[in-house]
Amino acid sequence: MPVSAVPISTLTGHERRVTSVAFALRGSLLASASDDHHVMVWDVASRRPIATLAGHTDRVNAVAFSPDDRTLASASDDRTIILWDLASRSPTTTLVGHGGAVSGMAFSPDGGTIASASDDRTIMLWNLA
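Note that the structure is predicted; figures quoted are calculated from it, not measured. (Residues numbered from 1 in each chain as written. Predicted model: local features only at pLDDT ≥ 70, side-chain atom pairs only at ≥ 80, totals over all residues. Heavy atoms only, no water.)

1. Some thoughts on the overall build of the chain
Per the secondary structure count, the chain includes 0 helices and 11 strands. At 15 Å, the chain has a C-alpha radius of gyration in line with the 14 Å of a compact globule built from 129 residues. Its C-alpha atoms give the chain principal-axis dimensions of roughly 40 × 35 × 25 Å. Of all 129 residues assigned to the chain, the portion counted as buried reaches 42%. Once local pairs closer than 6 in sequence are excluded, the contacts in the chain between residues at least 24 apart make up 33%. Summing over all exposed atoms, the chain offers an accessible surface of approximately 7,400 Å²; the carbon and sulfur share of this is 53%. Between the averaged position of the 10 positive side-chain charges in the chain and that of its 13 negative side-chain charges there is a distance of 4 Å. (Helix = DSSP H or I, 4+ residues; strand = E, 2+ residues; numbered from the N terminus. Rg over C-alpha atoms; globule rule 2.2 N^0.38 Å. Buried < 20%, exposed > 50% of the residue type's maximum accessible area, 1.4 Å probe, protein only. Contact = heavy atoms within 4.5 Å. Areas by Shrake-Rupley, 256 points an atom, 1.4 Å probe, with all protein chains shown as cover. Lys, Arg positive; Asp, Glu negative; His and termini not counted. Charge placed at Lys NZ, Arg CZ, Asp CG, Glu CD.)

Take a look at the structure:
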């Protein structure tokens, strides 16, 4: 039997299309990516933004939290992945190497590697250790 779901909240704040969302593993934070070139970090309990992260020069396609919830990664059409320190809300590393837009990425379970996918038809593995 189909189950009906009803939204419990609507979060607004991006200026353009939202392309991706991800929950932190502990569930207290939510990140969103957008065509507006920004990443927003939301407090799930209050449903309010706690940070707007600006660093990409083109649309942001994906976001992912590290397994320890200390780092947020964002992938963009600008061909980069930015790693953000969530405590300081600042970029720590920019991963450059794809020849096309980065369409997605994921952390390994131990947080030591990121796999990224690109319009250049490649998958790259990045050693973060």
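On we go from here.
2. Examining the sheet that holds strand β11 (residues 123-127)
Strand order across the open sheet formed by 3 strands is β9-β10-β11, with antiparallel pairing between neighbours. Two strands close off the open sheet at either side, each with one partner strand: β9 (102-107) and β11. Here the average twist between neighbouring strands, direction ignored, is 20°. Bridge analysis of β9 against strand β10 (residues 113-118) gives 5 bridges, and the strand direction is antiparallel. Of the residues in β10, the one forming a bridge with Met-105 is Ser-116. (Pairing = 2+ DSSP bridges. Axes fitted to C-alpha atoms, helices over the stretch in contact; angles between N-to-C directions.)

3. Details of the nonpolar core
Grouped together as the largest cluster of nonpolar side chains are 16 residues, with contacts concentrated most on Val-41, Leu-53, Val-63, Phe-65 and Leu-72. Residues contacting Leu-53, with those up to four places away along its chain left out, are His-37, His-38, Val-39, Val-41, Leu-72, Trp-84 and Arg-89. Grouped together as the second largest cluster of nonpolar side chains are 12 residues, Ile-81, Leu-95, Met-105 and Trp-126 included. (Core = buried A, V, L, I, M, F, W, Y, C linked by side-chain atoms within 4.5 Å.)

4. Let's talk about the sheet that holds strand β4 (residues 48-54)
The strand order β1-β2-β3-β4 describes an open sheet built from 4 strands, whose pairing is antiparallel. Every other strand in the sheet has two partners, leaving β1 (18-23) and β4 as the edge strands with one partner each. On average, adjacent strands in this sheet sit at an angle of 20° to one another, irrespective of strand direction.

5. Comments concerning the environment of Thr-52
With respect to the helices and strands, the residue Thr-52 is situated in strand β4. Ignoring any residue separated from it by four or fewer positions in sequence, one finds Thr-52 in contact with His-38, Val-39 and Met-40.

6. Description of the pattern of salt bridges
Throughout the structure, instances matching the rule amount to 4 salt bridges. In this structure, the salt-bridge partner of Arg-17 is Asp-35, at a minimum N-O distance of 2.9 Å. Pair noted here: Arg-17 is in the segment before β1 and Asp-35 is in the loop between β2 (29-34) and β3 (38-43), with a separation of 18 residues, a long-range link. Of the charged contacts, one joins Arg-59 and Asp-35 as a salt bridge, the two residues approaching to 4.0 Å between their closest N and O atoms. Remark: Asp-35 occurs in the loop between β2 and β3 and Arg-59 occurs in the loop between β4 and β5 (60-65); sequence separation between them is 24 residues. Given a relative accessible area of 14%, Asp-35 falls into the buried group. Beyond isolated ion pairs, a larger network of salt bridges with shared partners links Arg-17, Asp-35, Arg-59 and Asp-77. (Salt bridge = Lys/Arg side-chain N within 4 Å of Asp/Glu carboxyl O.)

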